[in-house]
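Each chain is listed here by its residues.
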Amino acid sequence: MYSFGLTMGRQWRLVACGSASGKRGYANKRAEMWGALRDWLRDGGVLEDGDVIHDDLIGPEAFVNAKGEIQLEKKEDMKRRGLPSPNEADALALTFAFPVLRRDADIGTANTKYDLFKRR
């Protein structure tokens, strides 16, 4: 998939869901992304109604691990409970993997043209 994207001229960032989280309090990147998704929904994010996305979002259980970090239930454990993999919710959570800046946003530049020793 990644190499196919390169062939198509896409610039993708791979996300290792099991890798370390960039935020304190989460066991891994997957838990961090789901936490950001939860925050977005709490802040007024809206999704189309759908049984699959609904079931996916409420399927995985979250718990605090021995290190005091939030962790999501493994997909294998969900399968043992008779639940399918939350594919749609995982795909949605991936949209929260990294911050996104609008292309037309003006991020500005630092003023580097000044004299430290100039008197005002």
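The structure we're discussing is the one just above.
Residues numbered from 1 in each chain as written. Predicted model: local features only at pLDDT ≥ 70, side-chain atom pairs only at ≥ 80, totals over all residues. Heavy atoms only, no water.

Asks: Looking at this structure, I do not really get the layout of surface pockets. What am I missing?
Replies: Here the idea is plain: a probe the size of a water molecule rolls over the atoms and shows the empty space left. In this model, the largest pocket occupies a volume close to 160 Å³. Lining the largest pocket we find Gln11, Trp12, Arg13, Val15, Leu94, Ala97 and Phe98. Of the residues belonging to the lining of the largest pocket, the class tally is five nonpolar, one polar and one charged. (1 Å grid on protein atoms, 1.4 Å probe; cavity = no way out; pocket = protein on both sides within 12 Å on 5 of 7 lines; lining within 4 Å. Points joined across faces, edges and corners; volume = space filled by probe spheres on them. Nonpolar A, V, L, I, M, F, W, Y, C, P; charged D, E, K, R; others polar.)

Asks: Would you explain the nonpolar core in this entry?
Replies: Formed by Met33, Trp34, Leu37, Ile53, Leu72, Ala89, Leu92, Ala93 and Ala97, the largest nonpolar core amounts to nine residues. For this core, the elements supplying multiple residues, two or more each, are helix H2 (29–42) and helix H5 (87–94). Ignoring any residue separated from it by four or fewer positions in sequence, one finds isoleucine 53 in contact with Leu47, Glu48, Glu88, Ala89 and Leu92. (Core = buried A, V, L, I, M, F, W, Y, C linked by side-chain atoms within 4.5 Å. Buried < 20%, exposed > 50% of the residue type's maximum accessible area, 1.4 Å probe, protein only. Helix = DSSP H or I, 4+ residues; strand = E, 2+ residues; numbered from the N terminus. Contact = heavy atoms within 4.5 Å.)

Asks: Looking at this structure, I do not really get the pattern of salt bridges. What am I missing?
Replies: Side-chain pairs of opposite charge can arise whenever the charged atoms involved come near each other. Tallying each qualifying case throughout the model produces seven salt bridges. Of the charged contacts, one joins arginine 81 and glutamate 73 as a salt bridge, the two residues approaching to 2.7 Å between their closest N and O atoms. Its salt-bridge partner being arginine 80, residue aspartate 77 comes within 2.4 Å of it at the nearest N-O pair. Separated by three residues within a single helix, aspartate 77 and arginine 80 lie in helix H4 (residues 75–80), roughly one turn from each other. Look at aspartate 77 and you get partly exposed, because its relative accessible area is 28%. By relative accessible area, which is 67% here, arginine 80 ends up exposed. One connected set of salt bridges, linked through shared partners, spans Arg30, Lys75 and Asp90. (Salt bridge = Lys/Arg side-chain N within 4 Å of Asp/Glu carboxyl O.)

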